[in-house]
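Residue-level listing of the chains:
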Amino acid sequence: MDIAALNSFTADIWRDEITPALVDYIRIPAKSPHFDPDWAANGHIDAAVEHMVGWARGKVAELPGATLEVVRLEGRTPVIFIESPGEPSSEIGADTVLLYGHLDKQPEMTGWSQGLGPWEPVIRSDRLYGRGGADDGYAIYASLTALVALQRQGVKRARCVVLIEACEESGSFDLPFYVEHLKDRIGAPSLVICLDSGCGNYDQLWLTTSLRGMTGGRLTVEVLTEGVHSGDASGVVPDSFRIARALLSRVEDAATGEVLPKVCTVEIPADRVRQAKVAAQALGEEAWRKFPFAGDTHPPTGEIAELVLNRTWRPQLTVIGADGLPKPSDAGNVLRPSTTLALSLRLPPTADAHAAEKAFEQAFTADPPQGAKVTYQSAGAATGWNAPPLAPWLEAAVQKASKATFGRDAALMGEGGSIPFIGMLGETFPDAQFVITGVLGPHSNAHGPNEFIDLPTGQKVTAAAAIILADHAERPR
Ligand SMILES: [Zn+2]
């Protein structure tokens, strides 16, 4: 393959087609069904599908025999499904690569800087700001551009299937139905390329070696049927916030953040500990400096490899929302009837998320303090994923791709987030190899305010995917 031609082709497409397409896509508030239960009536998800398909059809037309279909199962978010035959009449052509991405978005979130906003695309020094560009709107554009780049150069590759779902940010609850529905057309991929993950910096290709699992839910403590004068009631009626705090202490050490139920912790594999040390060297202090700490806030330790392991292989609890509490300016001296806390628990890649879900429910609801009415409504559970050992051909291909596009070696690291589909695929196709990578690097802030996609990184990841697809076809078997 002509690497220089590949790099310049992908750079042209990113500049002339993908960037303008992402600008328009950012304007579409295609929130995931969890955040827009009326998504079907509101039509934003369909608008995003239409927008992407409008571009994708042109690219599919350049790939001989390729087809594109928007698949819709009754009452479920749609998927975009593209099939592109591989090198004909050969072992390569019988093989399948699955390329995955999603088009649904996280909600707005507050805290966007002046001049920026979730549905307001803004380009500042090679970075395109706005919701969903990096997570994960670019995936379909990058995937198809990689295929067309190979086509232009006449480079052989396996049959490719591109699957873009619209339910990822809600835990992909619709996806298993599509995987079942499309199972004959998906086939048995020997390689999965997922462009929905993170990168430790924008200087090299980062391969995600593991993803955390997750569970969570709503913990509600009710103590009264209506609020009463706190001067009258305190000392007789318990404060629901105190009870909630006591319940949280059953699952988390408030001093250290350690998550207590045994099922939430695993022994970290030795190779992952080793890789964390190498990643820590590549990351340096940026591993923690990338977060916008307020005041003197700092990480629990200065040891970067430990921070890498904390965010990839250790369980961590976050309170992500609350109800039953008025704003401070509206707060009278009232003993409130109830407190609700929305909890998010990240789990080690190999921990059983359903066991963790159960452990949390039991810890919260057993023997409630002062007989308070405690309910825990789980938001579901998804077990994480630990990559199978990297095949030698893929290890070489990833290094080659990183050097050819970024000019530096690739790096390997677990990610702290979750992609439920990957866990699902890992179980269904235990022999598949995985390239999980992405553009969610320092400050890119997917899910938070000021999300951006680093455009040069998007282009390089696209070219890297093309190189890996070519080497996959040439691998020894
Ligand atoms: Zn995503």
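Residues numbered from 1 in each chain as written. Predicted model: local features only at pLDDT ≥ 70, side-chain atom pairs only at ≥ 80, totals over all residues.

Chemist: Run through the domain arrangement of the chain, naming residues and quoting values.
Modeler: Partitioning the chain into structural domains gives domain 1 (3-211 + 384-474) and domain 2 (214-265 + 314-382). A straight line from the C-alpha centre of domain 1 to that of domain 2 covers 36 Å. Opposite the 11 residues of domain 1 that make contact, domain 2 presents 8 residues. For the side of domain 1 that touches domain 2, the secondary-structure elements that each account for two or more residues are β8 (206-211), β15 (385-386) and α15 (420-428). Of the residues assigned to the side of domain 1 that touches domain 2, the class counts are 3 nonpolar, 8 polar and no charged. (Domains from an automatic or database assignment. Contact = placed C-beta atoms within 7 Å. Helix = DSSP H or I, 4+ residues; strand = E, 2+ residues; numbered from the N terminus. Nonpolar A, V, L, I, M, F, W, Y, C, P; charged D, E, K, R; others polar.)

Chemist: Can you explain the sheet that holds strand β5 (residues 127-129)? Please cite residues and give values.
Modeler: Read across the open sheet, the 3 strands follow the order β4-β5-β18; overall the sheet is antiparallel. Strand pairing shows two members of the sheet lacking a second neighbour, β4 (122-124) and β18 (452-454), which therefore form its edges. Taken pair by pair, the neighbouring strands of this sheet meet at an average axis angle of 20°, ignoring direction. The pairing of β5 with β18 spans 3 bridges and is classified as antiparallel. From the neighbouring strand, Leu128 faces β18, where its bridge partner is Ile453. Helix α5 (residues 133-153) rests against β5 and β18 of the sheet, and its axis sits at about 55° to β18. Here helix α16 (residues 455-474) sits on the sheet and contacts β5 and β18; the angle it forms with β18, its principal contact strand, is near 55°. (Pairing = 2+ DSSP bridges. Axes fitted to C-alpha atoms, helices over the stretch in contact; angles between N-to-C directions.)

Chemist: Go over the pairing of strand β2 (residues 79-84) with me, naming the residues and quoting the values.
Modeler: A large share of β2 lies buried, amounting to 6 of its 6 residues. Burial along β2 is two-sided: the face carrying Val79, Phe81 and Glu83 and the face carrying Ile80, Ile82 and Ser84 are both buried. Where strand β1 (residues 67-71) and β2 come together, 5 bridges link them in antiparallel fashion. Pairing of Thr67 across the sheet is with Glu83, part of β2. In this sheet, strand β6 (residues 159-165) lies alongside β2 in antiparallel orientation, the contact comprising 5 bridges. Looking at β6, one finds that Ile80 is bridged to Ile164. (Buried ≥ 20, exposed ≤ 12 C-beta atoms within 10 Å, placed from the backbone.)

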